[in-house]
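# Coordinate analysis (summary)
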Amino acid sequence: MSEDIKKTISELHIYEKKLLKELESNPKATPEDIANNTGMDIKSVMSAAGSLAAKSIIEVDKKVEETYSLTESGLKYAEEGLPERKILDVLIDKNQINMKDLADEAGIDKQETGIAIGWLRRKNWAQIDKGVVNITDFGKDFASKIDVDEKVLDYLKSNADGVKLFTDDLVDGFKKLTGRKNILNVEKETSHSFKLLPKGKAILEHGFTIKQQATQLTHEHLKDGEWKHLEYRPYDIQAESPIKFAGKKHPLRIIIDEIREIFLNMGFSEDNGEFVESAFWNFDSLFQPQDHAAREMQDTFYLKNPLTCDLPDDALVKLTAETHETGADTGSIGWQYDWSEDIARQSVLRTHTTGISTKHLYEHEPPIKMFSVGRVFRRETFDYKHLPEFHQVEGLVCDEGISYQNLLGTLKEFYKKLGFEVRFRPAYFPYTYLSTETEIYLEEKESWIELGGAGMFRPEVLKPLGINQPALAFGLGIERLAMIRYDVEDIRMLYKSDIKWLRELPTVNGVKL
Ligand code: DAH
C-alpha cells in the first residue's frame, strides 16, 4: 500500500498537490475558494480535480441550482393582476359578461381571453354557458382572497434578485405558475464540491512537499545549468493512450514472406512457374493418367485462349507417353491406355504447384533444392472452406542418396520453423511412393489437422525427365495455414479487406499493435 501511495504521490501534478492541501485544511473548500487561495484559475482547479477523481483520490460532486425570477410579462401580471383576476373583478360587479365583450370589459388583450377563460374554469371562479361567463359562489369568495399563484407573483416581485427555494405555503402557487408560459425565468447554476476519498486521506497522511516540477526541459535550462536543480515529474507510463494502428502487411503476405525466408535459410532456391501451363506439365509429367478425376472439367479450369500449349522435346513427350502406356523401363506396367498428345497439349490454369517441380527437374541438374509459392486455381464453389483461387507452397529436393527419412526430416524442420509440431500419416498421390500427409498439432483445439501432402517422386515421374537420383517433394496450402494462425473460421475473411479485422490482427508472433 505505502509503495503504491509513494508512487501515486510521485506522479501527482503540482496542481493536484495544491488542491489536496487545500482540502486538507478546509474539506468544504469550493473550487472558487481553492482558486483564490492557490492562485490557480478555475479551469486548472477543475482539471486537477478531474484527474484526482480519475485516480480515486477525491470525489467530485456536481450540483445544479435553479434561480427563479419574473419575466417581463410576469412582472406585468404581478403589478396589474392576472387576466382571470381582471375578469373576476368585473364579474364581482356584474355577475355575468358576454364572451364577446370580455376583452373590452376586463381591459385585457384579445389574445389573452382564451387563456383567461381556461384559468377561470380551472380555478372554478366562473362557468360558461351559451357564450355567457357567469361567476360562481367560489369565485365570489375570491373577491377578498388572494390565490396561491398570486401570492407567488407578489413574492417574486418583492424579491427581484430571484428566488431559489419556495417555502411550503408557496410551493403550490409556484407549481401553478410553472405550468403557464412566459411568466417565470429560470437560471441554472452548476457548482462543484470535492470530497477526499480514503486514498486521498492516505496520501495526505503520508505527506508530500509542493515543489515546482519541470515537465519540460528547455534550451535555457540546459544553457544556464538550471537543469541540475530542477525536480522532474515522472512519466506515468501506465497512462492510457489512444490506440495507434501501424501500417502492416496483409496476413497472407506475412506468411508467404515467412515461408520464403524459411526456405531460403534452408538453402532452397525459388522458382515461380507460370499460372497458365500445359496439361502435360500440370498432370502428365506427374504420371496422372489422362482419365484421372482431377482432370475433369468440374475440377480444372481449361482455357480457350490459349487453347493449347506447346509440348516439350519430342524425346520427353515420347518417353512420357510410353511410361503412361506401358511403364517403359521404370519397372512398372504403366496405366495401360492410349496416351493422347492432344490432351497433354490442353492449356490449364495450374491446379497445384507440383508441376513446377517436374519442370524444374527437367530443366536442372541435381543436386536440386527448389521451392515455389504461388497461386493455384480449381473449380471450387465459394464457401467458408473453399476458394477457386488460393496459394500453395511446393518444396523439392533431388540428390544422390536422398531417402524417405530425409523427406520426414525436411518436413519436420520446415514445420518446426513455422511453429508446428508434426506427425505423418500414410497417403496416396499418383506421383509419389512412399507418400505421406503431414498433420500439425493445434494446442487450442487439442487435435491434429492435415496440412499438406508429400512423398518420394516415383520412377515413372523421374525417369522420363532424365533424372536418375531420388527426389522428395511436398506441398501445402497457405490459406489453411493463415486460418489456423489467425484463428479464422471462414477462408473468405482473408480476401475481404475487413479493415477492422486487419487493423487488430497480431503482426508478428501474436504481438498486437
Ligand atoms: N499437389 C498436392 C496437392 O495439390 C500436394 C502434394 C502432394 C505435393 C505430394 C507434393 C507431393 O509435392 O509430393 O494437394
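Residues numbered from 1 in each chain as written. Predicted model: local features only at pLDDT ≥ 70, side-chain atom pairs only at ≥ 80, totals over all residues. Heavy atoms only, no water.

### Focus on the sheet that holds strand β15 (residues 447-457)
Selection criterion: DSSP calls a pair of strands paired once it identifies at least 2 bridges connecting them. We count a stretch as a helix when DSSP gives it H or I for four or more residues in a row; a strand needs E for two or more, and each element gets its number in order from the N terminus. Here, residues are in contact when the closest pair of their heavy atoms is within 4.5 Å. With axes taken as lines fitted to C-alpha atoms, and helix axes fitted only over the stretch in contact, angles between N-to-C directions fall between 0 and 180 degrees.
Within the open sheet, the seven strands sit side by side as β8-β11-β12-β16-β15-β14-β13. Their pairing is mixed. If you trace the sheet from one side to the other, it starts and ends with β8 (269-270) and β13 (422-426), each paired once. Alignment of strand β12 (residues 389-398) against strand β16 (residues 471-477), held across seven bridges, turns out to be antiparallel. Opposite glycine 395, over in β16, you have phenylalanine 474 as the bridge partner. Across the sheet, helix α19 (residues 404-417) lies against β13, β14 (432-442), β15 and β16, angled at about 35° from β16, the strand it touches most.

### A short note on helix α6 (residues 83-94)
Operational definition: Working rule for helices: expected span equals 1.5 Å times residues minus one.
Its 12 residues place the ends of α6 17 Å apart at the C-alpha level, agreeing with the 16 Å of an ideal helix rising 1.5 Å per residue. At the C-terminal side of α6, asparagine 95 shows a positive phi close to 65°.

### Details of the sheet that holds strand β3 (residues 126-129)
Backbone hydrogen bonds hold the strands of a sheet together, and the pairing may be parallel or antiparallel. Taken in spatial order, the three strands of this open sheet run β2-β4-β3, and their pairing is antiparallel. Each having just a single partner strand, β2 (96-98) and β3 make up the two edges of the open sheet. Here the average twist between neighbouring strands, direction ignored, is 20°. Relative to strand β4 (residues 132-135), β2 is paired through three bridges, and the arrangement is antiparallel. Bridge pairing in β4 places isoleucine 97 opposite valine 133. Sheet contacts for α6: β2, β3 and β4; angle to β2, the most-contacted strand, approximately 115°. Packing of helix α8 (residues 112-122) onto the sheet brings it into contact with β3 and β4, and relative to β3 it is tilted by some 115°.

### Some thoughts on the layout of surface pockets
Definition in use: Using only the protein atoms, space was sampled on a 1 Å grid; points where a 1.4 Å probe fits but cannot get out form cavities, open sets with protein on both sides within 12 Å along at least five of seven lines form pockets, and lining residues are those with an atom within 4 Å of a point. Grid points are joined across faces, edges and corners, and a volume is the space filled by probe spheres set on the points.
In this structure, the largest pocket encloses a volume near 1,400 Å³. When contributions to the lining of the largest pocket are tallied by element, the ones reaching two or more residues are β12, β14, β15, β16 and α21 (478-485).

### Some remarks on the pairing of β12
What counts here: Accessible area is worked out with a 1.4 Å probe on protein chains only. A residue is then buried under 20% of its type maximum, exposed over 50%, and partly exposed in between.
Burial analysis of β12 places nine of its 10 residues in the buried class, which makes it a mostly covered element. Inspection of the sheet shows strand β11 (residues 368-377) paired to β12 by 10 bridges, in the antiparallel sense. Within the sheet, the bridge partner assigned to valine 376 lies in β12 and is phenylalanine 390.

### A word on the site of the ligand
Stated precisely, the cut-off is as follows: Residues are counted as near a molecule or strand when any one of their heavy atoms sits within 4 Å of it. Between N or O atoms, a polar contact is any pair within 3.5 Å; within protein, one atom must be a potential hydrogen donor and the other a potential acceptor, and residues adjacent in sequence are included only when both atoms are from side chains. Using a 1.4 Å probe, accessible areas were evaluated by the Shrake-Rupley method; residue-level cover was limited to the displayed protein chains. To decide whether a molecule occupies a pocket or cavity, check its atoms: if more than half lie within 2 Å of the grid points, it is inside. Charged residues are taken to be Asp, Glu, Lys and Arg, nonpolar residues to be Ala, Val, Leu, Ile, Met, Phe, Trp, Tyr, Cys and Pro, and polar residues to be all remaining types, Gly included.
Neighbouring the ligand are 14 residues; Thr354, Arg378, Gln392, Glu394 and Tyr431 lie closest to it. Here a nitrogen atom of the ligand sits 2.8 Å away from a polar atom, N or O, in the side chain of threonine 354. Between glutamate 394 and the ligand, the recorded distance is 2.9 Å, taken from a side-chain N or O atom to an oxygen atom. Taking 360 Å² as the accessible area of the ligand by itself, protein coverage stands at 88%. Its atoms largely coinciding with the cavity grid, the ligand occupies the largest pocket. Counted by class, the shell around the ligand contains five nonpolar, seven polar and two charged residues.

### Describing the pattern of salt bridges
The condition that has to hold: The term salt bridge refers to a pairing of a side-chain nitrogen on Lys or Arg with a carboxyl oxygen on Asp or Glu at a separation within 4 Å.
Scanning the entire structure with this criterion turns up 31 salt bridges. The closest approach of N and O atoms between arginine 260 and glutamate 270, which form a salt bridge, is 2.9 Å. Residue arginine 260 is located in helix α14 (residues 251-265), and its partner glutamate 270 is located in strand β8; the two are separated by 10 residues in the primary sequence. Given the relative accessible area of 23%, arginine 260 is considered partly exposed. In the salt-bridge network here, residues are joined through shared partners; they are Glu84, Lys123, Asp147, Asp149, Lys176 and Arg180.

Any functional reading would require information beyond the geometric quantities listed.
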